[in-house]
Amino acid sequence: PPAMSLINVLVKGRTIDRAMAEAGALVAHLRSHARLKVLGPAPAVMAKIKDEYRAQFFVKGRDRRAMREAVLAALAAHPELRKRTTVDVDPVSVV
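Residues numbered from 1 in each chain as written. Predicted model: local features only at pLDDT ≥ 70, side-chain atom pairs only at ≥ 80, totals over all residues. Heavy atoms only, no water.

**Student:** Give me the lowdown on the overall build of the protein, citing residues and values where you can.
**Tutor:** Broken down by element type, the protein carries two helices and four strands. Mapped from its N terminus to its C terminus, the protein presents α and β elements in the order β-α-β-β-α-β. Burial statistics for the protein: of 95 residues in total, 34% are counted as buried. Taking as baseline every contact in the protein between residues at least 6 positions apart, the subset at least 24 positions apart corresponds to 68%. With an accessible surface of roughly 6,000 Å², the protein has 55% of that area assigned to carbon and sulfur atoms. (Helix = DSSP H or I, 4+ residues; strand = E, 2+ residues; numbered from the N terminus. Buried < 20%, exposed > 50% of the residue type's maximum accessible area, 1.4 Å probe, protein only. Contact = heavy atoms within 4.5 Å. Areas by Shrake-Rupley, 256 points an atom, 1.4 Å probe, with all protein chains shown as cover.)

Below is the structure:
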C-alpha cells in the first residue's frame, strides 16, 4: 500500500471569495489534528464551471481512517457545506 494517503476536498460557491472562505473554515477545523497535513485552500485548477466557483485543499496523512473521520467531523461542524463539498479519497486525478 502507499506510504501516504491523500484526500482531495472540493468546495463550490457562487463567488471565488465565498468558496475560498468556506474551504478555509474546513481547513481551520482540520488543522487542529496534529497527525494531518493540510495543503491549501487554493482555487481549483478549473476554478469556474457553469457559473460556480471551486476551491480545493488536500489532506495528507498515513492513517486513512483518521483522515476520513477528521474530514467528516469538519463537515459535521459546518453542515451548510455538505451539499457543496466533494470529497475524493486517494484521487486518481486532482484536476
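That was the structure; now back to the text.
**Student:** Outline helix H1 (residues 16-30), supporting the account with residue identities and numerical values.
**Tutor:** Counted at 1.5 Å a residue, the expected span for H1 with its 15 residues is 21 Å, and the 21 Å between its end C-alpha atoms agrees. Buried residues of H1: Ala19, Glu22, Ala23, Leu26, Val27 and Leu30, and no others. Seen from one end, H1 has its buried residues packed into an arc of 145°, which puts them on one side. Away from its buried face by more than 90 degrees, H1 exposes Asp17, Ala21 and Ala28. Where the residues of H1 are buried, they touch strand S1 (5-13), strand S2 (37-49), strand S3 (52-61), helix H2 (64-77) and strand S4 (85-89). (Expected span 1.5 Å × (residues − 1). Arc of directions from axis to C-beta.)

**Student:** Please provide a residue-by-residue account of the pairing of S3, values included.
**Tutor:** Burial of S3 is extensive: seven of the 10 residues sit out of reach of the surface. Judged from the nine bridges that link them, S1 and S3 form a sheet pairing that is antiparallel. In the sheet register, Gly13 faces S3, and the bridge partner there is Tyr53. Across seven bridges, S2 lies against S3 in antiparallel orientation. Pairing of Ala42 across the sheet is with Gln56, part of S3. Where S2 folds back on S3, the antiparallel hairpin that results is connected by two residues, among which Lys50 adopts a positive phi of roughly 50°. (Pairing = 2+ DSSP bridges.)

**Student:** Residue-level account of a nonpolar patch on the surface, with values.
**Tutor:** On the surface, Val45, Met46, Ile49 and Val95 cluster together to form a nonpolar patch covering roughly 370 Å² of accessible area. Judged by relative accessible area, Ile49 falls into the partly exposed class, the value being 34%. (Patch = residues over 30% accessible without salt bridge, like charges linked within 9 Å, V, L, I, M, F, W, Y side chains within 5 Å. Salt bridge = Lys/Arg side-chain N within 4 Å of Asp/Glu carboxyl O.)

**Student:** Explain the pattern of salt bridges residue by residue, including any values.
**Tutor:** By the definition in use, this model includes four salt bridges. The partner of Glu22 in a salt bridge is Arg18, with the nearest N and O atoms 3.0 Å apart. One end of the pair, Glu22, and the other, Arg18, are both in helix H1, four residues apart, so they sit about a helical turn from each other. Classification of Arg18 by relative accessible area gives partly exposed; the value is 41%. Counted as one network, the salt bridges with shared partners bring together Arg18, Glu22 and Arg84.

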